[in-house]
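Chain residues, written in single-letter form:
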Amino acid sequence: MHVDLRHLKSIKAIHDCGGLARAAEVLNITQSALSHQVKTIEDQAGVELFARRSKPLRLSAAGLRMLRAAERILPEIAALEEEFRALRQGRSGRLHIAIECHACFDWLFPVLEQFRRAWPEVDVDIRPGLAFGALQALAREEVDLVISSDPEDLPGITFQPLFDYAPTFIASAQNPLAAKPFVTAEDFRDQVLITYPVDRPRLDIFSELLTPAKVEPEAVRQVELTAVILMLVASNRGVAVLPDWVLREVRYQPDYVTRKVTEAGLTKRLYAAIRSEDAEKPWMAHVLRLGRTEPVKLQRG
């Protein structure tokens with residue numbers, strides 16, 4: 001049996017209107033055309049859909065079964081059509097994000113809060129489980145945006161610059177390094193370095209300073225949460241190097257000191273990796289614009 005949407009619409013219209021004449025007007029077709037549609041579907045089904053001797057026209061048991069199908073299917077089709085229309089008009093889409101940066105949640109959540117108000121029809125999600133294969137997941141279309149500080153030359157992937165940040169040394173005010181105006185690689189030899197639990201090449205302090213200088217800290221302690229890192233630093237259980245936006249609320253507290261890493265300081269750039277074909281989507285352009293402006297406000301405190 002072949003049933004198309006017009007058959008379902010016709011059955012529902014006849015039921016709602018109580019007769020062929022009014023239903024034909026609603027459907028904007030002739031009464032004879034509507035009668036032909038009903039006859040066609042009845043012939044295919046091998047059953048009558050209407051109890052024709054009733055006044056007004058009433059659905060048979062088979063007709064009621066088809067009506068239930070119409071009431072379930074037609075709204076789903078209408079919603080799908082609206083979703084596709086929104087996609088064509090650039091009003092909706094999917095923004096699933098993977099992050100190669102533990103500390104990025106501090107500025108990303110305010111960005112997404114503003115974004116969702118402007119684009120309520122875009123499905124937003126953060127996929128933490130894909131952080132270690134984020135760029136591969138982007139290429140496979142499992143995510144739509146990756147936050148990274150390490151751009152790569154990948155086919156079909158564009159790295160959009162977001163903002164520059166300064167990896168900043170933080171220690172307890174009781175730490176001997178508090179007396180120094182800046183820290184160097186050698187200063188870490190007798191320190192417990194507290195880091196996020198990621199590979200060393202993805203940690204600024206190693207990739208930009210310690211590994212090139214061939215300096216190994218006294219110990220490395222990995223901690224998942226920024227708040228716990230700061231608590232351990234305040235207790236003089238170790239030192240850390242964190243992005244400047246993380247330190248906006250603690251840098252003036254008496255328990256801490258913050259210093260530049262090297263006399264000149266370190267500067268890194270954060271990027272949003274997206275598929276090249278998505279660059280022109282209006283909601284993607286908006287989230288990138290927010291990603292360039294909102295974190296700077298946090299950096300300024």
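Refer to the structure above for everything that follows.
Quick caveat, the model's predicted, so the values are computed rather than measured.

Thresholds applied
Residues numbered from 1 in each chain as written. Predicted model: local features only at pLDDT ≥ 70, side-chain atom pairs only at ≥ 80, totals over all residues. Heavy atoms only, no water. Disulfide = S-S within 2.5 Å. 1 Å grid on protein atoms, 1.4 Å probe; cavity = no way out; pocket = protein on both sides within 12 Å on 5 of 7 lines; lining within 4 Å. Points joined across faces, edges and corners; volume = space filled by probe spheres on them. Helix = DSSP H or I, 4+ residues; strand = E, 2+ residues; numbered from the N terminus. Nonpolar A, V, L, I, M, F, W, Y, C, P; charged D, E, K, R; others polar. Salt bridge = Lys/Arg side-chain N within 4 Å of Asp/Glu carboxyl O. Buried < 20%, exposed > 50% of the residue type's maximum accessible area, 1.4 Å probe, protein only. Expected span 1.5 Å × (residues − 1). Arc of directions from axis to C-beta. Contact = heavy atoms within 4.5 Å. Pairing = 2+ DSSP bridges.

A. Seen up close, the state of the cysteines. Summed over the entire model, instances satisfying the criterion amount to one disulfide. In this model, C101 is linked to C104 through a disulfide, with the two sulfur atoms separated by 2.4 Å. Given an S-S torsion of about 100°, the disulfide between C101 and C104 has right-handed geometry.

B. Spatial organisation of empty space enclosed by the protein. With the rule as written, the count across this model stands at two cavities of 30 Å³ or more. Quantified by volume, the largest cavity comes out at close to 330 Å³. Forming the walls of the largest cavity are 23 residues, and the residues nearest its centre are Y196, R202, L203, D204 and P243. When residues of the lining of the largest cavity are traced back to their parent elements, those giving at least two are strand 9 (192-195), helix 7 (204-213) and strand 11 (240-243). Here the residues of the lining of the largest cavity sort into 15 nonpolar, four polar and four charged. Here the second largest cavity is characterised by a volume of approximately 70 Å³. Lining the second largest cavity, in full, are W107, L108, V111, L112, L145, I147, L162, A272, V287, L288 and G291.

C. Expanded view of the pattern of salt bridges. For the structure shown, the criterion picks out 16 salt bridges. The salt bridge partner of D43 is K39, with a shortest N-O separation of 3.0 Å. Within this pair, D43 and its partner K39 are both found in helix 3 (residues 31-45), separated by four residues, close to a single helical turn. What makes D43 exposed here is its relative accessible area of 51%. The partner of D278 in a salt bridge is R275, with the nearest N and O atoms 3.3 Å apart. Note on D278: relative accessible area 3%, which makes it buried.

D. Structural context of helix 5 (residues 105-118). For helix 5, built from 14 residues, the straight-helix expectation of 20 Å at 1.5 Å per residue is met to within 8% by its first-to-last C-alpha distance of 20 Å. The complete set of buried residues in helix 5 reads W107, L108, V111, L112 and F115. Buried residues in helix 5, looked at end-on, bunch into an arc of 130°, giving them a common side. As for helix 5, its buried residues are in contact with strand 3 (93-99), strand 4 (122-126), strand 5 (145-148), strand 6 (157-165), strand 13 (268-275) and helix 9 (282-300).

E. How the structure looks around the pairing of strand 5. Here strand 5 shows a buried face lined by L145 and I147 and a second buried face lined by V146 and S148. As defined by bridge partners, strand 3 adjoins strand 5 across three bridges and the pair is classed as parallel. By the bridge assignment for strand 5, I99 is matched with I147. The pairing of strand 5 with strand 13 spans three bridges and is classified as antiparallel. Bridge pairing in strand 13 links S148 to Y271.

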